[in-house]
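Here are the chains, one letter per residue:
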Amino acid sequence: MQHFDVAVIGSGSGNSLIDERFDGLQVALIDDNEEFGGTCLNRGCIPTKMFVLPADFAVSPRDAARVGVDLRLEGADWAKMRDRIFGRIDPISVGGLDWRERSNNVTVFRSTASFIDAHTLQVGEDRISADQIVIATGSRPRPLGIDVPEDLQDRIHTSDDIMRLDKQPRRLVILGAGFIAAEFAHIFSALGTEVTVINRSGTVLRGEDEEISRAFAGHLSRAVRLIFNQKVDVVEHGPANDLQVVTKDRNGVEYVYFADAVLVATGRIRNSEKLNLEAAGVEVRDEGQIRVNGAQRTSVEHIWAMGDVSSDHLLKHVANAEMRTVQHNLLALESDLVETDHRYVPHAVFSHPQIAAVGATEQQLLEWGTPHVVSRQRYGDVAYGWAMEDQGHFVKLLADPRNWRLLGAHIMGPQASTLIQPLIQAMSFGLSVPDMARGQYWIHPSLPEVVENALLGLMANQKREALDAR
Ligand SMILES: Cc1cc2nc3c(=O)[nH]c(=O)nc-3n(C[C@H](O)[C@H](O)[C@H](O)COP(=O)(O)OP(=O)(O)OC[C@H]3O[C@@H](n4cnc5c(N)ncnc54)[C@H](O)[C@@H]3O)c2cc1C
Ligand SMILES: NC(=O)c1ccc[n+]([C@@H]2O[C@H](COP(=O)([O-])OP(=O)(O)OC[C@H]3O[C@@H](n4cnc5c(N)ncnc54)[C@H](O)[C@@H]3O)[C@@H](O)[C@H]2O)c1
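What you are looking at is a predicted structure, and each value in this text was computed from that prediction instead of being measured.

Definitions and cut-offs
Residue numbering note: each chain is counted from 1, following its sequence as written. Note on labels: chains are lettered from A, ligands numbered from 1, in written order. The predicted nature of this model means local features are confined to residues of pLDDT at least 70 and side-chain atom pairs, given and counted, to a pLDDT of 80 or more, with totals for whole chains, interfaces and linings taken over all residues. A molecule or strand has a residue near it when that residue's C-beta atom, placed from backbone coordinates, lies within 6 Å of it. For helices the rule is a DSSP run of H or I covering at least 4 residues; for strands it is a run of E covering at least 2, with both sets numbered from the N terminus onward. Under this grouping Gly is polar, as are all residues other than the nonpolar Ala, Val, Leu, Ile, Met, Phe, Trp, Tyr, Cys and Pro and the charged Asp, Glu, Lys and Arg. In plain words, the nonpolar core is the set of buried Ala, Val, Leu, Ile, Met, Phe, Trp, Tyr and Cys residues that C-beta atoms within 7 Å link up. Exposure classes come from backbone-placed C-beta atoms, where a residue is buried if 20 or more other C-beta atoms lie within 10 Å of its own, exposed if 12 or fewer do, and partly exposed in between. Between the N-to-C directions of two axes lies an angle of 0 to 180 degrees, each axis being a line fitted to C-alpha atoms and, for a helix, fitted only over the stretch in contact. Left-handed describes a crossing whose near helix is turned anticlockwise from the far helix by less than a right angle; the clockwise case is right-handed. Residue pairs qualify as contacts under a 7 Å threshold applied to their C-beta atoms, which are placed from the backbone. UniProt positions are given in the numbering used here, feature names are shortened, and annotations may be inferred rather than shown by experiment. At least two bridges found by DSSP between two strands are what make those strands a pair. Where each domain begins and ends is defined by an automated method or by a domain database.

Novice: What am I meant to see in the site of ligand 2 here?
Specialist: Around ligand 2, 24 residues are found, and the nearest of them are Gly-176, Gly-178, Ile-180, Thr-266 and Leu-314. Counting only elements with at least two residues in the shell around ligand 2, the list comes to helix H5 (179-190), strand S12 (230-237) and strand S18 (347-349).

Now the structure itself:
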């Protein structure tokens, strides 16, 4: 049996972990996916955002018309976009694997790993052991969960395969209204597909501040048919060699939608069940989430976990931060362990419009009884937003008036994912609202002035509330 200093299961963030600091160690890197390099590179963040770019171009005639420019969308070449995107991504995956396979100290195994005991793994036909083991097995799309006729199954997709379709569907039904649904709804509708988004609940992007989620639903419903409070019951043959998606509402009333393809975007399942974790004594929380402490250590001292399989956040920047913690801790003395900082985890949804947020929502602050002041600043009310004739986009900030620390920031509109960054920085480094607003120049006339004005609005609103209270 081959013995290693470290065994890493998962080639996404797990692959990034093995840097030159591990050169003196024998490392096993195990991944069972056809594509090497994990979700973000092959079927997640990177290809989706590479499709969002042409989708953003495709919707720009609408904005251009408002300011007197007659842009025309002549069409979008799906096959060309797909080939450009994967023509750039696939060589990185193949090259990354090749580089690892030629490495002196890393042995790559391309099979499923499962524990025999706390130090031993079955990896396909091989059995290996390791002093320390890292679990970075990620997550996968939740399947549809209802039976579909065999000959229709190739028209039911998830984010794993929809970006590689031969042909752009003319009509697409998207099930779910989370991040993945919001991004693909934008991609496909912008490129000319008729999109219907069907959601079980009555909200889109349920984790967002309710004002953002409601406003986003309004924008989305202009681009797609947005259906709430219906559950898919049957997917069967339609009348025109197409699909017939039958749903039911809460009263049992049936509805029928016709489509050429279905995208199932109803959440993700953590990849932990094949690992036989009981054999190692690794504890799992609900829904397969591996339990870790701040140092990313599992319930077993020499076994660490990171990324989607253990994290509360299914986000690549979080997986990367946790990876850096594990990278350090694998090589550190017990007294020098570090912990991942999960205090201010931001996210962005690259739909149309973009959404970005960090910290608490107003609903959470109300639930927790946290004193707070709110400010809302429309893009259209600062110089650049006014020049854009912007409509419907805004920044919402929440701060604690006792110490002027930001508690939450929520942005919906152009460049939201960029505009949020100084607010993340302020929260992370404890910069107060007055210092941030007035302790620096804000370039005029630029879009970040919407953030400046939202910060000033917090203080103005607090003064107003104090006066009203007198
Ligand atoms: C469509 C989509 C878009 C996304 N967009 C964004 C975005 O814009 N920004 C963002 O921050 N995040 C985004 N994410 C989330 C991000 O991709 C994930 O959070 C991140 O990739 C998780 O990395 P990981 O290292 O935990 O797992 P992964 O990268 O999934 O790697 C896990 C690997 O382990 C393998 N594996 C699993 N079980 C075993 C086993 N038993 N034995 C051997 N190998 C195994 C898997 O096959 C996989 O290759 C997106 C996700 C999706 C699906
Ligand atoms: N830009 C980004 O950072 C980005 C992009 C894509 C994905 N991600 C990550 O991937 C994760 C998974 O994304 P997701 O969109 O699949 O999940 P999600 O949890 O964001 O949303 C799932 C949606 O499916 C609905 N749903 C659940 N079960 C259903 C059912 N049976 N029928 C109909 N609807 C149902 C839910 O109400 C919800 O609207 C995200 O939480 C996010 O962390 C991030």
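And the narrative resumes.
Novice: Before we go on, may I ask you to explain the site of ligand 1 in this structure?
Specialist: Close to ligand 1 lie 34 residues, the nearest being Gly-12, Gly-38, Gly-44, Gly-138 and Gly-307. Of all the secondary-structure elements, those providing two or more residues to the shell around ligand 1 are helix H1 (13-17), helix H2 (38-43), helix H3 (45-66) and helix H7 (316-331). Taken together, the residues of the shell around ligand 1 sort by class into 11 nonpolar, 17 polar and six charged.

Novice: Even after reading the chapter, I still don't get the nonpolar core, so can you show me in this structure?
Specialist: Generally speaking, a soluble globular protein has its nonpolar side chains buried in company with each other. Counting residues in each nonpolar core, the largest one holds 79 residues, and the members touching the most others are Ile-174, Phe-184, Ala-185, Val-262 and Ile-355. The element that contributes the greatest number of residues to this core is H5, accounting for nine residues. Counting residues in each nonpolar core, the second largest holds 40 residues, with Ile-128, Val-282, Trp-304 and Ala-321 among its members.

Novice: Please clarify how the packing of H3 against helix H4 (residues 78-101) should be interpreted in this entry.
Specialist: For any two helices packed against each other, the geometry is given by the interaxial angle and the distance between the axes. In the contact formed by H3 and H4, the axes pass within 10 Å of each other and the chain directions differ by 145 degrees. Helix-helix and strand crossings are classified by hand; for H3 and H4 the assignment is right-handed. The segment H3 lies against H4, with Ile-46, Pro-47, Met-50, Phe-51 and Pro-54 engaging Met-81, Ile-85 and Ile-89. Across the contact of H3 with H4, the residue classes break down as eight nonpolar, no polar and no charged.

Novice: Would you mind going over the UniProt feature "active site" (unreviewed entry) in the protein with me for this structure?
Specialist: The feature "active site" (unreviewed entry), as annotated in UniProt, sits at His-444 in this numbering. Apart from residues no more than four positions distant in its own chain, His-444 is found in contact with Ala-383 and Glu-449.

Novice: What should I look at first to understand the environment of Glu-208 in this one?
Specialist: Within the secondary structure, Glu-208 sits in the loop between strand S10 (194-198) and helix H6 (210-223). C-alpha separation for the pair Glu-208 and Phe-51, spaced 157 residues apart in sequence, amounts to 23 Å. Residues within four places of Glu-208 in sequence aside, it is in contact with Ser-213, Ile-355, Ala-357, Thr-361 and His-410.

Novice: So what exactly am I meant to see when it comes to the UniProt feature "binding site: NAD(+)" (unreviewed entry) in the protein here?
Specialist: With numbering aligned to this structure, UniProt lists the feature "binding site: NAD(+)" (unreviewed entry) at Gly-176, Ala-177, Gly-178, Phe-179, Ile-180, Ala-181, Ala-182, Glu-183 and Gly-267. Judged by maximum C-alpha separation, these annotated positions cover 92 residues in sequence but sit close together in space, the widest gap being only 13.5 Å. Mapped onto the elements of the fold, Gly-176 is located in the loop between strand S9 (171-175) and H5. Those residues in contact with Gly-176, other than ones at most four positions away along the chain, are Ala-181, Asn-199, Ala-265, Thr-266 and Gly-267.

Novice: Quick question: what am I supposed to make of the sheet that holds strand S15 (residues 261-264) here?
Specialist: Sheet strands associate in pairs through backbone hydrogen bonding, adopting either a parallel or an antiparallel arrangement. Taken in spatial order, the five strands of this open sheet run S8-S15-S9-S10-S11, and their pairing is parallel. What marks the edges here is a single partner per strand, and that holds for strand S8 (156-157) and strand S11 (225-227). Examined bridge by bridge, S8 and S15 share two bridges and lie parallel to one another. Bridged to Ile-156 within S15 is Val-262. On top of the sheet, H5 reaches S9, S10 and S15; it is set at about 165 degrees to S10, its chief contact.

Novice: Looking at this model, I keep getting lost on the domain arrangement of the protein. Mind explaining?
Specialist: How big an interface is tends to be stated in terms of the accessible area lost upon association of its parts. Considered domain by domain, the protein is made up of domain 1 (2-141 + 269-336), domain 2 (150-266) and domain 3 (353-469). In this structure, domain 2 and domain 3 have C-alpha centres spaced 33 Å apart. At the interface, nine residues of domain 2 touch 10 residues of domain 3. By residue class, the composition of the side of domain 2 that touches domain 3 is four nonpolar, one polar and four charged.

Novice: So what exactly am I meant to see when it comes to the sheet that holds strand S21 (residues 394-400) here?
Specialist: Read from one edge to the other, the open sheet built from five strands follows the order S18-S19-S22-S21-S20, with strand pairing classed as antiparallel. Every interior strand has two partners, whereas the edge strands, S18 and strand S20 (373-378), have only one. Each strand axis lies, on average, 15 degrees off the axis of its neighbour in the sheet, ignoring direction. Summarising the sheet, S20 and S21 pair through six bridges and their orientation is antiparallel.

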